[in-house]
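Residue-level structure breakdown
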Amino acid sequence: MKLNGAQILVNSLKSEGVSHVFGYPGGAVLHIYDALNACEDIKHILVRHEQGATHGADGYARASGKCGVTLVTSGPGITNAVTGIATAHMDSIPMVIISGQVPSPLIGMDAFQEVDAVGITRSCVKHNFLIRDISEIAITIKKAFHIATTGRPGPVLIDIPKDITIAKMEVEEYPKTIEMRSYKSTIKASDHQIKKAAEMLANSKRPILYAGGGCIIGNSSKELREFTHMTGFPITQTLMGLGAYPMTDNQSLGMLGMHGTYEANMAMHGSDCVVAIGSRFDDRITGNLEKFCPTAKFIHIDIDPSQISKNVIADIPIVGQTKQVLQALIDQMKDKKLADISNWWSQIEEWRKVDSLAYKKSPGVIKPQTVIETLYEVTKGKAIVTSDVGQHQMWAAQYYLFDEPRQWINSGGLGTMGFGLPAAMGAKLAMPDRDVACVTGDGSIQMMLQELSTMLQYSTPVKIINLNNGYLGMVRQWQEFFYEKRYAMSYMEALPDFVKLAESYGHMGIRVEKEEDLKPALIEAFNQKEHTVFLDIVTDPSENVFPMIPAGGGHSDMLLAGRDEMVSKDETDFNAV
Amino acid sequence: MRHIISVILENEAGALSRVAGLFSARGFNIESLTVAATTDSTLSRMTIVSVGDDGIIEQIVKQLDKLIDVVKVVDLTATEHIERELLLAKISITSDTQVDVEAKLDQFNAKIIDAAEEVYIVELAGKSQKIKDFLSAFNAEQIIEVSRTGVTGVTGVCHKI
């Protein structure tokens, strides 16, 4: 039987078990849409902007652990998608993006809606392909899914010229397996290194585990919990790792880094042995590298060898999957006698007493921290929470105590405003039985508002928690601290009436201006099982995110709410971002 | 320090731009880059000369290895190896300088591959330093045109990539 390229492509997606495709049609992908229309097994989500398609597929992937799939047309279709692709790339999210291309004979002729998609996306994908012949379609899709989902996952783009989607060929069976001589995804960690690490850990008097997004992507939460309980070591988690270990557990010190807790950062600073598990010593974690963990040896576990000794030289590097390495460490350390760390814990408890997340309420204004705490209470800590980027993101990370992996979905690496809403939509499609909340701000939400329309079309009832302070809050915070309160372009004049806006898209809107109305409004919103509810919550415009390590500082240079004056530092600080 | 890195990669359209893009995106330095197909026509071999401290070179090797098209990466400078570069140069001659030029060509073992009344086209293979020394043996006016291939290299007789 002969099929055309578009049909082969759609059948290949079906063979990969794809259930949802987030996309937007256009000239170069019309044949593919025609074939997709005839396929009952794949649900297409028609977004309102291609960036929404990539974020939607991304949220879907993060919530479910499956590969997200995006379909866009050539030219502006793919350029609009680039921000979402880069977002997924920075956070190692498995995604396959299929972009239409102008017909092969027109490539390079500046044809209508032509861009060099492979060239534009090269630096923000794990890999990309330009299909040159119909016979390459099935094998390329097989390779794309294999590359996107194995090793350190990431987005893979397939650019396919229109003429190839209408050419016909005799169908072959979809390949079951794939061998690539240049790509090996299975790395077995060295037993020798694991033994050395176990030895170092057993003798450590001030150990700390520092778990990152690799624990969530690598589905190693169970092993991480077992290892942490078994050793009794304190554990801190990165913004991307929250939920890999329950934040309500006593061994958890909360998040570390620029806006991490006092106890987490001080424990890093005082540790003699830091175990980085699926984390990459990002600049938001380390602060000033010269002041970072001055007395620690580093054990670094990561699946990607290029992360080892990139920012911080590892004393014991272990390249492998977090799941397998942690299991091997559990086996190694089960019968080992560990050094007494009770003094270390006493010290940590002292740091904990500082209560670095405490904040003062003031009458007449709603504190953003209170909103997150109330959200936590109303959802009993069980909701999937997505966020945009800025102050609200940090408050959500600090005050919603995530106990499960894949519960917290945010753009940690690229820091993409606009991510939260479409990601919430994707997460709700992946997990229809879960409550999904999008914590956002009046700046971020306006970057992807149009997806409210998609959310009505596909009935994805998420709860939008808009911390409306009238400012681009994080920008304002930095301007207050480092630019002598010159608030250049960080004030949002002429905000829309978000309640009417939500209603015009067919959703519910609730405005909250008083703290006593907050909890009832949240309860009401989550009771509306069938509706997306936009909660526009007026919060204190002057509130800042604390603790904070100012740029150029180390972990022991934290500034605490109400206790430290923020002052402009010397000029070198301005070079840090 | 200067390193010579050998890369075996899939002989596919776009593979070169992935490597070049990696160097520019991460701010790595390229002194020279040569590439051609190997005896297996599905593979290319690329030789890159870069300068950096050990940490940077380690990152370059790891980042190259991470590229999906790359089959193998070897830092030749870490082992016994042979490196060569080819120079093609046009050198002007006059009746006054001809003897002197020819003496220098002999001294460096350079070969005249074409000649006209006032110009020789010469070929010289050797380490980069030898090529530099050869070029500096002439006055700037004597050298009309220069084209260098950049370094290529292989591991020593006892090693295999």
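You'll find the structure just up there.
Residues numbered from 1 in each chain as written. Chains lettered and ligands numbered in written order. Predicted model: local features only at pLDDT ≥ 70, side-chain atom pairs only at ≥ 80, totals over all residues. Heavy atoms only, no water.

Residues and elements named next belong to chain A. For the pair helix 11 (residues 262–270) and helix 14 (residues 342–353), the least separation of the axes is 8 Å and the interaxial angle reads 140°. As for how helix 11 packs across helix 14, the hand of that crossing is right-handed. Residue-level inspection shows Tyr262, Glu263, Met266, Ala267 and Gly270 of helix 11 in contact with helix 14, the latter providing Trp344, Ile348, Trp351 and Arg352. A class-by-class count of the residues in the contact of helix 11 with helix 14 yields 6 nonpolar, 1 polar and 2 charged. (Axes fitted to C-alpha atoms, helices over the stretch in contact; angles between N-to-C directions. Helix = DSSP H or I, 4+ residues; strand = E, 2+ residues; numbered from the N terminus. Left-handed = near helix turned anticlockwise from the far one by under 90°. Contact = heavy atoms within 4.5 Å. Nonpolar A, V, L, I, M, F, W, Y, C, P; charged D, E, K, R; others polar.)

Attention now moves to the sheet that holds strand 4 (residues 70–75) of chain B. All names here are of chain B. Pairing is antiparallel across the open sheet formed by 4 strands, whose spatial order is 2-3-1-4. At either end of the open sheet lies a strand with only one pairing partner, and these are strand 2 (32–37) and strand 4. On average, adjacent strands in this sheet sit at an angle of 15° to one another, irrespective of strand direction. For strand 2 and strand 3 (residues 43–51), the ladder comprises 6 bridges, and the chain directions are antiparallel. Its bridge partner being in strand 3, Val35 is matched across the sheet by Met46. (Pairing = 2+ DSSP bridges.)

Time to look at the nonpolar core. All names here are of chain A. Core analysis: the largest hydrophobic core is formed by 54 residues, its most contacted members being Leu224, Ile299 and Ile318. The element best represented in this core is helix 13 (residues 322–333), accounting for 6 residues. Residues contacting Ile318, with those up to four places away along its chain left out, are Ala189, Gln193, Ile194, Ala197, Ile299, His300, Ile301, Asp302, Ile308 and Val325. (Core = buried A, V, L, I, M, F, W, Y, C linked by side-chain atoms within 4.5 Å. Buried < 20%, exposed > 50% of the residue type's maximum accessible area, 1.4 Å probe, protein only.)

Mapping Ser444 of chain A onto the fold places it in the loop between strand 17 (436–441) and helix 18 (451–457). Apart from the residues lying within four places of it in its own chain, the contact partners of Ser444 of chain A are Asp388, Val389, His392, Met417 and Gly418 of chain A.

Per the counting criterion, the structure on display carries 19 aromatic pairs over all chains. Ring geometry for Phe134 of chain B versus Phe138 of chain B: centroids 5.2 Å apart, planes at 75°, classification edge-to-face. Phe138 of chain B matches Phe134 of chain B in its accessibility class, with the two residues each being buried. A network of ring pairs unites the aromatic residues Tyr210, Phe281, Phe292 and Phe298 of chain A as a single cluster. If you follow Arg476 of chain A out to its NZ or CZ, it ends over the ring of Tyr471 of chain A, 5.6 Å from the centre. (Phe/Tyr/Trp six-rings, centres within 6.5 Å; stacked < 30°, edge-to-face > 60°. Lys NZ or Arg CZ within 6 Å of the ring centre and 35° of its normal.)

Quick look at the environment of Ser252 of chain A now. Residues and elements named next belong to chain A. Examined against the element boundaries, Ser252 turns out to sit in strand 11 (residues 252–255). Take Ser252: its relative accessible area is 6%, and that puts it in the buried class. Spatially, the C-alpha atom of Ser252 lies 24 Å from that of Arg563, the residues being 311 residues apart in sequence. At a separation of 3.3 Å, a polar atom in the side chain of Ser252 contacts the main-chain amide nitrogen of Gly254. (Polar contact = N/O pair within 3.5 Å; in protein donor to acceptor, adjacent residues only side chain to side chain.)

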